[in-house]
Amino acid sequence: MQSPKAFVLAAHGAKMPAIGFGTMELPHRPAELVAAAIAIGYRHIDTARKYGTEERVGEGIRASGIVRNELFVTTKVTEENAREADFMRSVETSLRALGLDYVDLLLIHWPQPKVPFTETLGALAKAKRSGLTRHVGVSNFTLAMLEEAVSVCPEPLVTNQIEYHAYLPQDRMLAALKRHGMILTAYCPVARGKLLDDPTIGEIAKARGKTHAQICLRWLIQQPMVAAVPRALEEAHIRENLDLFDFALSDEEMRQISALRRRNIRIADPPERAPKWDVETIA
Ligand SMILES: NC(=O)c1ccc[n+]([C@@H]2O[C@H](COP(=O)([O-])OP(=O)(O)OC[C@H]3O[C@@H](n4cnc5c(N)ncnc54)[C@H](OP(=O)(O)O)[C@@H]3O)[C@@H](O)[C@H]2O)c1
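First, a word on what this report is: a plain description of the structure on this page. (Residues numbered from 1 in each chain as written. Predicted model: local features only at pLDDT ≥ 70, side-chain atom pairs only at ≥ 80, totals over all residues. Heavy atoms only, no water.)

**A closer look at the environment of Ala268**
Spelled out, the test is: Numbering goes from the N terminus for both helices and strands, where a helix is a DSSP run of H or I of at least four residues and a strand is a run of E of at least two. Contact criterion: two residues are considered in contact whenever any of their non-hydrogen atoms come within 4.5 Å of each other.
Within the secondary structure layout, Ala268 lies in the segment after α10 (251-258). Sequence-distant contacts of Ala268, that is, excluding residues within four places in its chain, are made with Trp110, Glu163, Tyr187 and Trp277.

This is the structure we're talking about:
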């Protein structure tokens, strides 16, 4: 059986642990939860300026006592800061909030159609070349946006962080990312809880003696170059979401879960900033 170590995804020099701890909306004890996640074994933390959690994430990292280079920290710049000067200010604010000299991965959180991609992607590359981040990527980019971003960014993009779970197919994006040697980082990996009541997931979980969340997450990370950043508030849930490496789903189980795509549910779709999403064929 593969060890957690085997579940480190490599892309353009980045080494991203396949499971990260999501930190959007940590209403209670945020710093303690981050420290607990690190103590449990998480080595990948996902935050963003927009979440308002960077200070608490930084506190949690310091409280954990972890050696900095053992941790993979991602943060993101919002679409309001797509102009170069704003972008650079945002990254510096993030680093101050986190109490870090650099992040491992910096993402453009949402595309900003009012600013040329050359400017925002140029600023992203500049942040890397100035040592503020080790690696760069995008989030919530459509297929056409991804192609443009790859072609104009002076530095290689490591990931597109997008919504992906068994109820939302992403075949074409997976194929495009594969062509570019990039990782798909799946947010809302348990469909914000909606998948946890699914009868097919329930049957597989029962047969395997695993929880529903573990089956959903295992289905994601068992696919090539897919990482996931679940968020949980209970320590038991945080623990089980990383405890995915002592079993594997069979090809038939993978197919059964993939067939749930018929539900075609998208959760994160804020009208003020979401692009016109690509539509997948639902077989
Ligand atoms: N790039 C973007 O635009 C973007 C957008 C959305 C999210 N994200 C990132 O993705 C992360 C995760 O997304 P998300 O929070 O929206 O969705 P999610 O991880 O799919 O769902 C979180 C919900 O699932 C529950 N849950 C998680 N693990 C569980 C378990 N083992 N057992 C039972 N319930 C479990 C949590 O319950 P409890 O709260 O009770 O623990 C919470 O209600 C965010 O924190 C953020 O870092 C990025």
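**Here's the deal with the side chain of Lys210**
Within the fold, Lys210 resides in the loop between α7 (199-208) and α8 (212-221). Apart from the residues within four sequence positions on either side, Lys210 is in contact with Ala205, Ile215, Asp246 and Phe247.

**Examining the site of the ligand**
Inclusion rule: When we say a residue is near a molecule or strand, we mean one of its heavy atoms is within 4 Å of it. A 3.5 Å cut-off defines polar contacts: any pair of N or O atoms within that distance qualifies, except that in protein one atom must be a possible hydrogen donor and the other a possible acceptor, and neighbouring residues in sequence count only when both atoms are side-chain atoms. The protein chains shown are the only cover counted for residues, whose accessible areas, like all others here, come from Shrake-Rupley with a 1.4 Å probe. Classification convention: Asp, Glu, Lys, Arg as charged; Ala, Val, Leu, Ile, Met, Phe, Trp, Tyr, Cys, Pro as nonpolar; all other residues, Gly among them, as polar.
The environment of the ligand is made up of 29 residues, and the closest members are Asp46, Arg192, Arg231, Leu233 and Glu240. Here an oxygen atom of the ligand and a backbone polar atom of Thr23 are 3.3 Å apart. At 3.0 Å, a backbone N or O of Val190 approaches an oxygen atom of the ligand. Taken by itself the ligand offers 900 Å² of open surface, and the protein chains cover 88% of this. A total of three residues in the shell around the ligand trace back to one element, the largest contributor, which is helix α9 (residues 235-242). Looking at the shell around the ligand, its residues break down into 14 nonpolar, nine polar and six charged.

**Re the pairing of strand β5 (residues 72-77)**
Selection criterion: Accessibility here uses a 1.4 Å probe with only protein chains present; expressed as a share of the type maximum, an area under 20% marks a residue as buried, one over 50% as exposed, and anything in between as partly exposed. For two strands to be treated as a pair, DSSP must find at least two bridges joining them. When the strands point away from the viewer and the path from the first strand over the helix to the second turns clockwise, the crossover is right-handed.
A large share of β5 lies buried, amounting to six of its six residues. What you see with β5 is no split at all: Phe72, Thr74 and Lys76 on one side and Val73, Thr75 and Val77 on the other are buried throughout. Judged from the three bridges that link them, strand β4 (residues 44-46) and β5 form a sheet pairing that is parallel. Note that in β5 the partner of Ile45 across the bridge is Val73. The pairing of β5 with strand β6 (residues 103-108) spans four bridges and is parallel. Bridging across to β6, Val77 finds its partner in Ile108. As a crossover connection, the stretch from β5 through helix α3 (residues 84-98) into β6 is right-handed.

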